[in-house]
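# Structural features, examined
These are the residues of each chain, in order.
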Amino acid sequence: MSSKPAWTETLPGVPEEAASICRSLLQQRTLAGIAACLEADKTVWLQGDWAWFVHRDDVWQQIAGVDDFRVFVDALHYKYPHKAIKELGGQAFFTGDPLHADGCLIVRGQVDHFVAMCAAEVFGRSILSRHADHLQKITEAVIRLADLAASETQLDVFLPQVHEVIGTLIDAENFFVALYDPVRQTLRYPYFVDTLDEDLPDPNEDLPFTPDEITLTGWVIRNAEPLLIDREGILYRQRTGSLGGEGPVAESWIGAPLRAASGEVIGMIAVQTYRPGYRYDADDQRLFLLTAQHVGLALERFLRKAWLETEVSRRTEELQQLNTLLVSEVQERERGEALQHALFQIAELSSRQIDMADFYGQIHAIISTLVYAKNCFIALHDEDTDIVSFPYFVDSLEDTPAPRKAQRGLTEYVIRQRRPVLVNRKSASDLAVAGEIDARFLNRDDNFTWWLGAPLFESDNVCGVIVIQIYEGEVEFGDTEVALMTFVSHHIGTALARKRGTDRLHSAYLELEKRVAERTQDLDSANSRLQYENRHDALTGIANRNYFMHELDAAWRGYGVSEEPFAVIFADMDRFKHINDTFGHIEGDALLIEATRRIESCLRENDLLARLGGDEFAILLPGVGDAAAAQVISQRILDAFDHPIVLARQSIFASCSLGIVMAEPQLHQTPQDLLRDADAAMYMAKARGRDGYVLFTGDLREQAGDLLEQETRFRNALKEQDAIVPFLQPIVDCKKGEVVAFEALMRWRGRDGSWTLPAQLLAVAENTRLITRLDYYMLDWLCRWLATMPETWPPIHLNWSGLSLVQPNCAQTILDRMRSFGIRPERLQIEVTEGALVADPVQANHTMQALQTAGVKVVLDDFGTGYASLSYLHHYQFDAIKIDKSFMLSLDSDPKSAAIVRCVIQLAQAMNLEVVAEGVETITTADQLRAMGATKLQGFLFARPIPIGDIDLGKLALDIRGTCAQTWALDLVEVR
């Protein structure tokens, strides 16, 4: 629209009343104001009724005026709507693009055309203004969601703010988020706001859940698709049993899956309204889907963080348990050392010639270092005389008893039982009641509180008892003291027979010492091994991520203090997943080990190489402040992979992509920033073709951001039906003048409505690593469309990427999808380039053979531009070849090009292959190709690529036949 409409100025011949209405209309800013203005002065400009329609989502909708004008809705969809509306008694005034109008004012009756055109223009301007305001809100919401995802660290703070943002776009008074764990089959609602539902779930509770549950939430998660449903739809599903009936019924409900970066569904979000009569529309659903994409990626980061925290807690707990075990073992070792020392002293006593009284006294002293033994005595029993004597007796209350005939005391009880006995007053009374001991030994005023006796053995006979007892109530005996006394008593018994047992005691001591030393050594080795494993990669033996980050942090701190420069290189193996899937994980590990060896051979002595995980490596280069020096090292690493690696008895070539970053305070704030930027540079190296390195700069960070935005837009396009659309270009039999096939060329519709050409589209798909998804997107698109076309429709050539071609299940997937749409194999032909056969020739050949066996023809595209064109014709079976259009451009001016094309045609004819020459733009080129024997031609001479929805096969066939008839009339007559 022009900035200054004509009716704002005084115009000759325009009545003042009409001009006054136009000036009033131009002052309005809302639809209601415009409608009111038209109704107020209706008698001046219209003898009848009016209505305003808008074009939204390919549908015309009435938004103002009288209701009975809805009869014109169908007429607006006609190819010539003016005529259809006129036949219904109306007049139409359109606004916007003449070919794609966005609004229409329809009047019925006598009308002032000038006022009607003014009203239509003002209506159109109001619609554009509302659309611009709407887009502004969407942009602000997306920016705010991105800021929240990048800055917020707490989930319980992030989700309310997400709710607030969504509320600026659509009615989101009732909103909830559900997180799905497919492994544990649980669902958790960390955020749930509902104005009617009082039974809200606990945000921290994991609820049992399976995707086949008959709930709206289950439907969204199970189908991984959004759902827009109104009250009638909900009630219908409840009546038919496909939906549960719990909770209040919403007037309108939108749910959208939450996806991780990998595409996996990790949950869903939903909004609902209870306002009577209110309905969400397709615009609301699109806005909500856009929000869900950003929320899904942000929630993945929160879940990953929670998982890492759990892993850290688990590992910390394991380390704590190990530390507790180590402390326990140290204590046990100290106890063992104490026992060892006591044993040594006893053994030493048994080998010395000392008085027995002195021997007993020193035994008592040794026992006192191990247990409370203030009161201790030793009793000896002579089996021949049955006399019990007390050669050693130290007691705070009693004197040394005289030798006595064996009685039923506690000492004799131990001798009879041949085992240690621990009693207190109560258990001793129980023994007396049982008749095991004489009760008179318990009726003295100086009776014990605890009594512990252990038998002394000489050979297999009990020769005595050693006893410790307590009269004070503060000290107690238990299992530890029993075990200790048992141990000591055996050695005392042995000491009593030292004449015969000196050697045996000495050997036992040496053996015990050896075992304790071995245990100590084992503990030290285990501790050292644990520390090593905590800092090194188990597979390659080099530093792991923890060690690398520790050293990187130290280097960063050193740089801040002494400005000691350093650089970081991030390395990632190219096509590692493909190699791993092809040869197996064992060979994949062997490749990582060999890669580690080769990278290490290129580094200096003080450089640090670490494996961060999978096929990712990082290199710390201390003292490197010159980017050129880091590039020299990077080039050495790339050169090291020029030699083949043997895996599973096969020689393969592996490569890696490197990202270099120099420590610069103006670009980095933390050590993690360095690793992030090195990673970004590495991915840029992969995007440029792999097997290279890229030095990180400030511009590269901006490029990485552009690539991320481009990837987001491209992913969104793959989810829509009309963003990426096939254009078809005919392949013509110039002898018959017939269309024998079409080649599908994809176009991407930009934000401004322009189309991205195939070469640019493929570059975007390869840079974002979405080329395989694009292949199957186009396959589904064409199969879906072919299913609606007659069986006589010519076959379509579909370009197929090399990355998809070498997938192990490629052929089966293509055939399954064709069968699912009911497409016969003959209706689709797969075009592959020579470059597609380089990465994995064996798998590529297997895929092509499987397709051909099923009836799908395989065409070699761009023949003559690849690596070894003739060898491909020899080693692989193709149904046809397409000569690259680069030869066509110089066919009539370059004899070499003509000679090459002639040879290719003759070779193909000799091998019984069809030949298609693409890029034919002039009659001269076509004449030469016909003379050489090529009859299948493709190019602008016959037709440019046509949007698939605009193709009229009958008209196109007539046009092409006419072109051929004008050029080669004689041949066509012969065909007839």
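Quick look at the structure, then. (Residues numbered from 1 in each chain as written. Predicted model: local features only at pLDDT ≥ 70, side-chain atom pairs only at ≥ 80, totals over all residues. Heavy atoms only, no water.)

### Section: the overall build of the protein
On a plain count of helices and strands, the protein comes out with 32 helices and 33 strands. For the protein, the residues scored as buried account for 45% of the 976 residues in total. For the protein, contacts bridging at least 24 residues in sequence account for 61% of all contacts bridging at least 6. Total accessible area on the protein is roughly 49700 Å²; 52% of this is exposed by carbon and sulfur atoms. (Helix = DSSP H or I, 4+ residues; strand = E, 2+ residues; numbered from the N terminus. Buried < 20%, exposed > 50% of the residue type's maximum accessible area, 1.4 Å probe, protein only. Contact = heavy atoms within 4.5 Å. Areas by Shrake-Rupley, 256 points an atom, 1.4 Å probe, with all protein chains shown as cover.)

### Overview of the sheet that holds strand 19 (residues 616-622)
Spatial strand order, 18-19-17-22-23: 5 strands in an open sheet with mixed pairing. Two strands lie at the open edges of the sheet, namely strand 18 (608-613) and strand 23 (693-695), each paired on one side alone. Recorded for the sheet is a direction-independent mean angle of 20° between the axes of neighbouring strands. Here strand 22 (residues 656-662) pairs with strand 23 via 3 bridges, running parallel. Counted as the bridge partner of Leu658 is Tyr693 from strand 23. (Pairing = 2+ DSSP bridges. Axes fitted to C-alpha atoms, helices over the stretch in contact; angles between N-to-C directions.)

### Observations concerning the packing of aromatic side chains
Tallied over the full model, the rule gives 18 aromatic pairs. Measuring from centroid to centroid gives 5.3 Å for Phe69 and Phe72, while their planes differ by 45°, and the two rings are tilted. Take Phe69 and Phe72: they sit in the same class, and that class is buried. Ring centres of Phe390 and Phe393 lie 6.2 Å apart, and the angle between their planes is 85°; this geometry places the pair in the edge-to-face category. The buried category is assigned to Phe390, whose relative accessible area is 9%. For Phe393, a relative accessible area of 14% translates into the label buried. The structure contains a cluster of three or more aromatic residues connected by ring pairs, namely Phe176, Tyr189 and Phe192. The ring of Tyr547 carries the charged tip of Arg535 above its face, separated from the ring centre by 4.1 Å. Geometry around Phe940 places Arg944 over its ring, the cationic atom sitting 4.0 Å from the centre. (Phe/Tyr/Trp six-rings, centres within 6.5 Å; stacked < 30°, edge-to-face > 60°. Lys NZ or Arg CZ within 6 Å of the ring centre and 35° of its normal.)

### Some remarks on the state of the cysteines
Scanning all chains against the criterion turns up 0 disulfides. Looking at the unpaired Cys734, the closest cysteine sulfur is the one in Cys964, lying at 6.4 Å. A relative accessible area of 0% places Cys734 in the buried class. (Disulfide = S-S within 2.5 Å.)

### Looking at the sheet that holds strand 4 (residues 101-111)
Taken in spatial order, the 4 strands of this open sheet run 2-1-4-3, and their pairing is antiparallel. Looking at which strands have only one partner, the edges of the open sheet turn out to be strand 2 (59-65) and strand 3 (91-96). Taken over all neighbouring pairs, the strand axes of this sheet differ in orientation by 25° on average, direction set aside. Inspection of the sheet shows strand 1 (residues 46-56) paired to strand 2 by 6 bridges, in the antiparallel sense. Each residue of the ladder has a partner; that of Arg56, found in strand 2, is Val59.

### Some points on the packing of helix 23 (residues 771-786) against helix 25 (residues 810-820)
Where helix 23 meets helix 25, the axes come as close as 10 Å, and the angle between the chain directions of the two elements is 25°. Regarding the angle of helix 23 to helix 25, the classification is roughly parallel. Both helix 23 and helix 25 take part in a crossing whose hand is right-handed. On helix 25, the residues that touch Tyr776, Leu779, Asp780 and Cys783 of helix 23 are Cys810, Thr813, Ile814, Arg817 and Met818. Looking at the contact of helix 23 with helix 25 residue by residue, the class counts come to 6 nonpolar, 1 polar and 2 charged. (Parallel < 35°, antiparallel > 145°, perpendicular 65-115°, else oblique. Left-handed = near helix turned anticlockwise from the far one by under 90°. Nonpolar A, V, L, I, M, F, W, Y, C, P; charged D, E, K, R; others polar.)

### Observations regarding the layout of surface pockets
Here the second largest pocket is characterised by a volume of approximately 970 Å³. The wall of the second largest pocket is formed by 34 residues, among which Phe302, Leu303, Arg304, Ala306 and Trp307 lie closest to the centre. Elements with a minimum of two residues in the lining of the second largest pocket: helix 7 (155-167), strand 5 (174-181), strand 6 (186-193) and helix 10 (282-351). Ranked by residues supplied to the lining of the second largest pocket, first place goes to helix 10 with 11 residues. For the lining of the second largest pocket, the residue count by class is 17 nonpolar, 5 polar and 12 charged. (1 Å grid on protein atoms, 1.4 Å probe; cavity = no way out; pocket = protein on both sides within 12 Å on 5 of 7 lines; lining within 4 Å. Points joined across faces, edges and corners; volume = space filled by probe spheres on them.)

### Notes on the pattern of salt bridges
Applying the stated criterion across every chain yields a total of 34 salt bridges. In this structure, the salt-bridge partner of Arg418 is Asp460, at a minimum N-O distance of 3.4 Å. Of this pair, Arg418 sits in the loop between helix 12 (410-417) and strand 14 (421-424) while Asp460 sits in the loop between strand 15 (450-458) and strand 16 (461-470), and the two are 42 residues apart along the sequence. Take Asp460: its relative accessible area is 56%, and that puts it in the exposed class. Note that Lys955 is salt-bridged to Asp959, the shortest N-O span being 3.1 Å. (Salt bridge = Lys/Arg side-chain N within 4 Å of Asp/Glu carboxyl O.)

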